[in-house]
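Results of the structural survey
Okay, here's what each chain looks like letter by letter:
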Amino acid sequence: NSPYGLDYKPLKPPDVPFVVNAVRRVATSDRGFETASGAAPSKRTRSSVRPRWKAALRAGRRTVVAGMVLGLVVMCASADETVVSFDSEQAISAWTLKGDVAIDPSKGRGDGGATLRVGPGGQALGKLRETDDSGTMDVWVFDDLTKPAKPKDRRAGPRWGLLQTDGRVLVMGAIYAPYLDGAKTYAASDSDQKMWFDVQYSALQRKQGWHRWTFTFDAEKGLSIALDGRKARFDWNRSKIRGFCGVAFFGDQKGSGAQTLWVDDLRAQLSGPMVAKPAPPPPPPPVTPEKDPVVENPPNLVPAVQGKHPRLLFTAEDIPAMSERIKGGSKPFMDQLVRYLGASQKPNHTKFLTDATDAQRQGFWRLPTVALHYALTGDAKSRQQATEFLEFLIGLQHWETGAETDSGMGAANIMAGAALAYDWLYDSLDPAFREVCRKKLLLQARRMYYRGHLMKVKNTHYWQNDPQNNHRAHRDAGLALCVLAAATGAAEESWILAETQKELQFVHDWLPPDGTYHEGPGYMGFGMNHTLLAFDAADRCLGTRYLEHPFFANSPLFRIYTLRPGLKAAFPYADCGGGAGFYNNFMLRCLARHPNPDLLDATLRFFDADPNAAQYGWFSVVWHDPSLERGRMENLPKNTFFPDLGLAYMRDGWEASNVGVMFKCGPYGGYTLNKYRNERDYHYINVAHDDPDANMFLLDAGGRLLASNDGYSKKKRTGSHNTILVNGKGQKGEGSGWTQPLKKTDMTRLSYVTTWKDAGAVVVVEGEAGAAYASRLTRYRRSLIWVPGSYVLVLDDIRAPEPAEITWLLQGPQVETLNGDAGHFALRQKDVACEVRVAADRPFDSAIGTSLADNRGKAMKLPQLQLKATAPQWRVASLYDPWQQRELKLSLTADGGESAVVRVAGPQFADTWQWQAAPDNESPSGLTGRRDGGFSVQVGPADKAPRD
């Protein structure tokens with residue numbers, strides 16, 4: 001090794017034009033060069049010497065330089081080797097530079113000297129030759145292990161490597177993405193300098209300090225990469241780089257935590273043309289194969305529909321009666337359908353291929369509207385319009401493009417509409433086109449099943465993991481309708497028909513019997529029409545009896561109880577902004593299968609109260625049976641409990657002037673879904689729309705939601721709900737945009753309803769949620785006592801293993817302090833108010849802050865009453881006056897360690913509640929309530945609430 005930083009490489013004849021055999025003199029060469037003699041320069045001064053040597057080395061192919069230094073003879077390699085030490089600006093004078101790039105005299109490798117610095121946003125490209133050939137590039141890179149604050153966010157950090165003549169680069173570096181560990185490891189990026197995330201994980205750990213990187217482009221074998229001699233995990237055949245013509249260095253992305261790149265001692269050995277080329281593996285077999293297996297004893301269409309159309313939702317024999325219905329009892333729904341006809345034309349665009357909402361508009365709303373109008377009326381214009389619409393869709397290669405090609409929600413809704421139109425237009429279609437259409441339906445169904453349900457393509461696959469999410473319902477509707485519409489009984493259809501029935505049976509088996517929907521009232525409207533279409537068509541075509549499931553009897557009942565008094569809005573939970581509308585037409589089909597006169601009256605009054613409650617009349621035209629007896633909504637129970645989600649509803653009537661309360665305490669996803677998960681070793685389930693809201697309640701009075709919830713939250717936090725925080729923290733699983741199931745945890749043990757008792761004059765519901773908190777509680781018992789016409793009383797028993805700061809929360813549109821020292825507050829919205837009184841077994845501080853609640857990422861800025869106390873145990877009683885008594889009084893007196901007496905006094909009554917703590921976290925608390933001259937109620941072990 002010479003003191004000039006050049007390695008000695010012996011050259012063999014005929015490449016050596018002369019022999020050096022003397023000392024104390026400088027040899028000649030076939031090219032001119034500059035020399036320096038004397039003592040060997042130190043690292044500190046080499047920048048003034050090296051450029052002379054480099055100039056000689058770059059002068060030509062057959063250059064040999066020899067000199068005497070301290071009595072030694074050194075020989076340099078041919079000019080096929082380029083050495084750059086970055087000791088002066090001359091080293092990069094011919095390079096293409098952009099942004100923050102400079103020679104840095106303070107960061108040299110070893111005992112000092114200069115180096116190349118590439119700051120954030122900087123770029124340095126050095127061309128070594130005109131062609132993309134083979135060779136080796138060796139470079140030293142300094143890594144100080146800087147990393148961004150969020151290393152899982154996509155970010156291209158500092159990178160270094162090879163340049164191709166077309167501008168493409170192959171670089172190593174710290175690259176950050178959700179699927180990479182850029183804070184700890186390096187990755188290779190094969191890039192056009194625009195897209196940096198075509199990467200290969202290298203399995204090389206990031207190391208602090210200077211390290212040697214070697215890029216070897218073997219003419220026969222291709223590219224390999226090594227760090228300090230250790231080979232990276234890298235498959236050249238996956239790349240698009242064929243050889244190299246230069247070197248490339250890129251700085252980190254600008255922003256917080258940006259890293260500076262330092263480079264030193266670059267050496268490139270340039271060799272001849274590449275022989276090998278990247279040879280990517282042969283393409284895999286198509287995701288959707290040409291043929292499916294043939295199944296023995298497949299399900300068959302029932303004889304009544306074999307070879308006949310329509311058949312999915314009604315038959316030709318049903319049409320005369322349906323045509324009469326739309327002139328009578330179903331006329332309001334037919335009028336709604338007719339009003340939408342003008343919009344139900346063939347689209348003049350294909351944006352629905354990448355826009356799932358527009359796909360739903362075109363496939364699920366518009367095409368069935370015009371096709372059904374023709375089927376029931378024979379209208380020639382509707383026939384032509386529907387046929388052109390269907391021909392347009394059939395002519396498209398795909399029904400969705402992008403990440404979920406032909407397997408997303410967009411494709412599902414186009415499939416549903418196309419299948420229904422084919423079924424309803426069947427007899428009017430040209431036979432040749434009809435067969436093309438049938439084959440297209442089968443193809444799209446098979447694509448949906450292979451790509452989506454069987455997960456044969458790389459994707460996130462968030463919806464396939466459980467049977468209850470609304471995204472699966474959309475896909476199942478498209479799948480089932482296409483398969484059942486196209487089926488002819490041919491052997492080649494047997495597999496997809498059998499798989500479709502298997503899929504529907506799977507979803508059916510895990511429907512919650514009480515009819516609830518864990519994703520919220522809004523998503524119930526968004527998914528249930530799809531669910532009904534799939535199961536209704538299967539029952540008609542395959543002879544299954546899916547709609548006999550109690551879920552379908554109870555789902556319209558549950559939907560009615562989710563409504564606030566007045567029927568125009570919902571008690572919101574999960575991802576629900578509180579609206580009641582969209583399409584709840586499914587309730588009509590459920591009631592046709594499970595008649596309930598009073599519930600039918602409630603459903604039709606719901607549709608009358610909110611014109612948006614049952615949009616797109618074609619659903620209602622098909623499912624409404626005006627011959628069913630209609631009762632009176634007032635006959636329905638005013639109080640009810642739905643155990644699967646731990647949801648209780650109480651009201652004193654159904655009109656907007658009435659008062660209603662919702663109480664919720666249950667696990668993410670509900671009990672049925674968690675049973676499915678627990679039986680599969682805590683298998684992933686999609687609870688993205690659920691909230692950390694155990695032991696929360698809502699209160700509606702006079703048409704106003706006075707104690708309110710968050711909206712469709714983009715950051716789900718316990719502090720957005722009427723519950724508590726412990727040491728400033730909420731319930732487990734909070735804080736993300738989409739809730740995730742807790743790992744290896746039985747979530748049904750964290751929060752649940754312990755008590756449900758409807759005693760007529762009084763209703764008591766109680767929840768336990770201590771184990772749900774990140775800051776551990778030994779108990780968080782909340783009892784809600786509903787005394788209609790008088791008050792709502794909430795009792796909280798909160799316990800921790802050591803003193804903890806408890807923050808008790810209550811939010812609404814307006815929250816006022818009337819007398820903080822006396823625990824006197826008010827909830828208000830415009831002209832409606834509800835006074836609130838609080839009593840506790842220890843002093844507390846009160847303040848009105850701002851809730852964390854948001855709706856689709858926008859802060860709702862709800863005022864929030866925040867009561868705080870620090871103790872190992874805290875009993876709190878809160879009293880609500882939605883009936884405007886205005887003279888209510890509240891007191892709480894502790895009576896020993898496990899009991900207390902709560903007294904509520906009003907203008908016409910004096911009530912006493914003996915409150916006995918539960919003996920454990922499973923049993924109901926003991927409650928005895930008495931009113932002089934009025935009710936007497938006792939709650940105990942016999943009132944334990946069901947949980948499924």
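To be clear, the structure that these remarks concern was listed above.
These notes cover the structure that comes with them.

Structural notes on the overall build of the protein chain
- Each helix and strand in the protein chain was counted, giving 15 helices and 39 strands.
- Expected size for 948 residues packed as a compact globule is a radius of gyration near 30 Å; at 37 Å, the protein chain overshoots this value by more than 25%.
- Burial statistics for the protein chain: of 948 residues in total, 60% are counted as buried.
- Within the protein chain, residue pairs in contact and separated by at least 24 positions form 69% of the contacts whose partners lie at least 6 positions apart.
- Summing over all exposed atoms, the protein chain offers an accessible surface of approximately 37,700 Å²; the carbon and sulfur share of this is 49%.
- Distance between charge centres in the protein chain, computed from 115 positive and 105 negative side chains, equals 6 Å.

Brief notes about the nonpolar core
- Core analysis: the largest hydrophobic core is formed by 130 residues, its most contacted members being Trp399 and Trp618.
- At 13 residues, helix H6 (residues 409–425) tops the list of elements feeding residues into this core.
- Ignoring sequence-local partners within four residues, the contact set of Trp618 consists of Leu313, Leu337, Phe364, Trp365, Pro368, Thr369, Leu372, Leu420, Trp424 and Leu533.
- Counting 58 residues, the second largest nonpolar core, distinct from the first, contains Val765, Leu777, Ile798 and Leu827.

Re the sheet that holds strand E12 (residues 199–205)
- In spatial order, the strands read E4-E7-E16-E9-E10-E11-E12; together these 7 strands make up an open sheet with antiparallel pairing. Where the open sheet ends on each side, the last strands, each with one partner, are strand E4 (96–98) and E12. When strand polarity is set aside, the average angle formed by the axes of neighbouring strands in this sheet is 20 degrees.
- Inspection of the sheet shows strand E10 (residues 169–176) paired to strand E11 (residues 185–191) by 5 bridges, in the antiparallel sense. Bridge pairing in E11 places Val171 opposite Ser189.

Structural notes on the side chain of Lys664
- With respect to the helices and strands, Lys664 occurs in strand E20 (residues 659–664).
- Separated by 3.1 Å, the side chains of Lys664 and Asp693 make a polar contact.
- Sequence-distant contacts of Lys664, defined by excluding residues within four places in its chain, comprise Tyr573, Leu645, Gly646, Leu647, Asp693, Ala694, Asn695 and Met696.

Things to note about the packing of helix H11 (residues 550–561) against helix H12 (residues 586–593)
- Their axes nearest at 8 Å, the elements H11 and H12 cross at an angle of 135 degrees. Relative to H12, H11 is oriented oblique. Along this stretch, H11 crosses H12, giving a crossing that reads as left-handed. Listed contacts from H12 to Phe552, Ser555, Pro556, Arg559 and Ile560 of H11 are Phe586, Met587, Cys590 and Leu591.
- Classifying every residue of the contact of H11 with H12 gives 7 nonpolar, 1 polar and 1 charged.

Considering the sheet that holds strand E39 (residues 936–939)
- Spatially, 5 strands are ordered E35-E36-E37-E38-E39 in an open sheet, and the strand pairing comes out antiparallel. Strands with a single pairing partner mark the edges of an open sheet, and in this sheet they are strand E35 (889–894) and E39. Adjacent strand axes in the sheet meet at a mean angle of 10 degrees when their direction is disregarded.
- Note that strand E38 (residues 926–931) and E39 share 4 bridges and pair antiparallel.

Considerations on the pattern of salt bridges
- If you walk through the whole model with that rule in mind, you get 47 salt bridges.
- Here Arg605 makes a salt bridge to Asp601, at a shortest N to O gap of 3.0 Å. Placement of both Arg605 and Asp601 in helix H13 (residues 597–609) is noted, with a separation of 4 residues, approximately one turn of the helix.
- A relative accessible area of 6% means that Asp601 is categorised as buried.
- The partner of Arg875 in a salt bridge is Asp841, and the shortest N-O contact between them spans 3.7 Å. Of this pair, Arg875 sits in strand E34 (residues 863–881) while Asp841 sits in the loop between strand E30 (832–840) and strand E31 (845–850), and the two are 34 residues apart along the sequence.

Some details on empty space enclosed by the protein
- Using the criterion set out here, one finds 9 cavities of 30 Å³ or more in the structure.
- Taken as a whole, the largest cavity holds about 190 Å³ of empty space.
- Around the largest cavity, the lining comprises 18 residues; the ones closest to its centre are Pro467, Gln468, Val507, Leu511 and Thr531.
- Of the residues forming the lining of the largest cavity, the biggest block, 4 residues, is contributed by helix H10 (residues 521–542).
- For the lining of the largest cavity, the per-class residue count stands at 11 nonpolar, 5 polar and 2 charged.

A closer look at H10
- Under the 1.5 Å per step criterion, the end-to-end length of H10 is 31 Å for 22 residues, consistent within 8% with the ideal 32 Å.
- By the criterion of burial, H10 is predominantly enclosed, with 20 of the 22 residues buried.
- One or two residues past the end of H10 sits Gly543, with phi positive at roughly 80 degrees.

Here we look at the packing of aromatic side chains
- Counted by the stated rule, this structure contains 48 aromatic pairs.
- Here the aromatic rings of Phe217 and Phe244 are separated by 6.2 Å at their centres, their planes lie at 20 degrees, and the arrangement is stacked. Of the two residues, Phe217 sits in strand E13 (residues 209–218) while Phe244 sits in the loop between strand E15 (230–231) and strand E16 (246–250), which places them 27 residues apart along the sequence. Of the two residues, Phe217 and Phe244, neither departs from the other in class, the shared state being buried.

Notes on unusual backbone geometry
- Cis geometry marks the peptide bond from His309 to Pro310, where omega comes out at 0 degrees.
- Tracing the chain through its elements places Pro310 in the loop between strand E17 (261–270) and helix H2 (319–325).
- The residue Lys830 is not glycine, and still its phi comes out positive at about 55 degrees.
- Turning to its location among the elements, Lys830 is positioned in the loop between strand E29 (824–829) and E30.

With respect to the environment of Asn819
- In this structure, Asn819 sits in strand E28 (residues 814–819).
- For Asn819, a relative accessible area of 36% gives the class partly exposed.
- A polar contact is formed between the side chain of Asn819 and the backbone nitrogen of Asp821, at a distance of 3.3 Å.

As for H13
- Its 13 residues give H13 an end-to-end C-alpha distance of 18 Å, which sits within 8% of 18 Å, the value for a rise of 1.5 Å per residue.
- What H13 keeps buried is the set Asp598, Leu599, Leu600, Asp601, Ala602, Thr603, Leu604, Phe606 and Phe607.
- Each element contacted by the buried residues of H13 is listed here: helix H3 (331–339), H11 and H12.

So, the pairing of strand E24 (residues 752–758)
- Among the 7 residues that make up E24, 5 are buried, leaving the element largely enclosed by the rest of the structure.
- Across 6 bridges, E24 lies against strand E25 (residues 763–768) in antiparallel orientation. The residue of E25 that forms the bridge with Lys757 is Val764.

Section: the packing of H6 against helix H8 (residues 470–486)
- Running from N to C, H6 and H8 cross one another at 30 degrees; their axes reach a closest spacing of 8 Å. Note on packing geometry: the crossing formed by H6 with H8 is left-handed. Between H6 and H8, the residues in contact are Met409, Ala412, Asn413, Met415, Ala416, Ala419, Leu420 and Tyr422 and Asn470, His471, His474, Arg475, Gly478, Leu479, Leu481, Cys482 and Ala485, respectively.
- Grouping the amino acids of the contact of H6 with H8 by side-chain chemistry returns 11 nonpolar, 5 polar and 1 charged.

Parameters and conventions
Residues numbered from 1 in each chain as written. Predicted model: local features only at pLDDT ≥ 70, side-chain atom pairs only at ≥ 80, totals over all residues. Heavy atoms only, no water. Helix = DSSP H or I, 4+ residues; strand = E, 2+ residues; numbered from the N terminus. Rg over C-alpha atoms; globule rule 2.2 N^0.38 Å. Buried < 20%, exposed > 50% of the residue type's maximum accessible area, 1.4 Å probe, protein only. Contact = heavy atoms within 4.5 Å. Areas by Shrake-Rupley, 256 points an atom, 1.4 Å probe, with all protein chains shown as cover. Lys, Arg positive; Asp, Glu negative; His and termini not counted. Charge placed at Lys NZ, Arg CZ, Asp CG, Glu CD. Core = buried A, V, L, I, M, F, W, Y, C linked by side-chain atoms within 4.5 Å. Pairing = 2+ DSSP bridges. Axes fitted to C-alpha atoms, helices over the stretch in contact; angles between N-to-C directions. Polar contact = N/O pair within 3.5 Å; in protein donor to acceptor, adjacent residues only side chain to side chain. Parallel < 35°, antiparallel > 145°, perpendicular 65-115°, else oblique. Left-handed = near helix turned anticlockwise from the far one by under 90°. Nonpolar A, V, L, I, M, F, W, Y, C, P; charged D, E, K, R; others polar. Salt bridge = Lys/Arg side-chain N within 4 Å of Asp/Glu carboxyl O. 1 Å grid on protein atoms, 1.4 Å probe; cavity = no way out; pocket = protein on both sides within 12 Å on 5 of 7 lines; lining within 4 Å. Points joined across faces, edges and corners; volume = space filled by probe spheres on them. Expected span 1.5 Å × (residues − 1). Phe/Tyr/Trp six-rings, centres within 6.5 Å; stacked < 30°, edge-to-face > 60°.

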